[in-house]
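Chain by chain, the residues run as shown.
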Amino acid sequence: MNRATRKTVIAGNWKMNMTPSQTTALINEMKTTLPAEPACDVVLCVPFVDIAAAKAAAEGSVIKVGAENVHFEAKGAYTGEISAEMLVECGVEYVIVGHSERRQYFGETDETVNKRLLAGVNAGLTVILCVGEMLDERQKDITAEVVALQTKVALQGVDAEMLKKVIIAYEPVWAIGTGLTATDDQAEEVCALIRDVLAAKYGRDVAETVTIQYGGSMNAGNAQSLLSKTNVDGGLIGGASLKAADFAKIVEASNQD
Ligand code: PGA
């Protein structure tokens, strides 16, 4: 983290978990476990149908509500999709795009990720852009190339002003939901590399202001050391964001110099 130049953001990604009533119960519990004045921004990205319950339960707390995806068109014949305008009217402030599960299971490409990112940013949402290599790509030693390409294509048409509404989450696919966490140094290396990609496009000063999270089996036990790295400005948390005590510990781990 480098809180002098950029925000630290801890965001939960609930994936396809929790009904509305479960959402209310978990957020009510989190309100008792989370620090009253965290050193980071705290976000929960929840399934679309849980947004209303999450907003109501989070009212008056530090928790901000996000969605897990957004469609790129404003409206029309796109059965099953949700537009940025719909999210904004529901009080959503953040949205994830390009999660590896969307890329793997739902045919998401760098180009569609770029379109979703633009739709989110143009609607005033803060977009959490996920990038990350697969295991075989790491083994082939092409992590840097893969992550740079994903980042560059996703940011086509994004100027420095728009970039203020973008968070990047580095999520090595082999670490997601597997219990295998990248080492602190692996996380730092790729987060720094992403910042170099940003610096080449926007200049070093702008790149230093962008929040770059790590995601992939981040938990109460490893958050502190991951967040101690200069270029790791937060976390995108799957499994551990479904447990109030664990999520609170990760948020607390952001309170370090
Ligand atoms: P995980 O998921 O923390 O359960 O590994 C992270 C993510 O997919 O964002």
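These numbers come from a predicted model, not from an experiment. (Residues numbered from 1 in each chain as written. Predicted model: local features only at pLDDT ≥ 70, side-chain atom pairs only at ≥ 80, totals over all residues. Heavy atoms only, no water.)

A. Examining the overall build of the protein chain more closely. Across its full length, the protein chain carries 12 helices and eight strands. At 17 Å, the protein chain has a C-alpha radius of gyration in line with the 18 Å of a compact globule built from 257 residues. A sequence separation of at least 24 residues applies to 74% of the contacts in the protein chain between residues at least 6 apart. Per element, the accessible surface of the protein chain, about 11200 Å² overall, is 52% carbon and sulfur. Taking the average location of the 23 positive side-chain charges in the protein chain and that of its 34 negative ones, the two points are 2 Å from each other. (Helix = DSSP H or I, 4+ residues; strand = E, 2+ residues; numbered from the N terminus. Rg over C-alpha atoms; globule rule 2.2 N^0.38 Å. Contact = heavy atoms within 4.5 Å. Areas by Shrake-Rupley, 256 points an atom, 1.4 Å probe, with all protein chains shown as cover. Lys, Arg positive; Asp, Glu negative; His and termini not counted. Charge placed at Lys NZ, Arg CZ, Asp CG, Glu CD.)

B. Just the pattern of salt bridges, in detail. Under the counting rule described, the total for this entry stands at 15 salt bridges. K64 is the partner of D41 in a salt bridge, and the nearest nitrogen-oxygen pair spans 3.9 Å. Highlighted residues: D41 in strand β2 (residues 41–46) and K64 in strand β3 (residues 63–67), separated in sequence by 23 residues. Assessed through its relative accessible area of 17%, D41 is described here as buried. The closest approach of N and O atoms between D233 and R195, which form a salt bridge, is 2.7 Å. In this pair, D233 is assigned in the loop between α11 (223–227) and β8 (234–237) and R195 in helix α9 (residues 184–202), connecting sequence segments 38 residues apart. One exposure class covers both D233 and R195, and it is buried. Through salt bridges with shared partners, a single network forms among R6, R195, D196, R204, E208 and D233. (Salt bridge = Lys/Arg side-chain N within 4 Å of Asp/Glu carboxyl O. Buried < 20%, exposed > 50% of the residue type's maximum accessible area, 1.4 Å probe, protein only.)

C. Molecular detail of the packing of aromatic side chains. A complete count under the given rule lists two aromatic pairs for this structure. Aromatic pair Y105 and F106: ring centres 6.4 Å apart, planes at 85°, arrangement edge-to-face. No difference in accessibility class separates Y105 from F106, as the two residues are exposed. Over the ring of F106 we find R102, and its NZ or CZ is 4.1 Å from the ring centre. The ring of F72 carries K115 above its face, with NZ or CZ at 4.3 Å from the centroid. (Phe/Tyr/Trp six-rings, centres within 6.5 Å; stacked < 30°, edge-to-face > 60°. Lys NZ or Arg CZ within 6 Å of the ring centre and 35° of its normal.)

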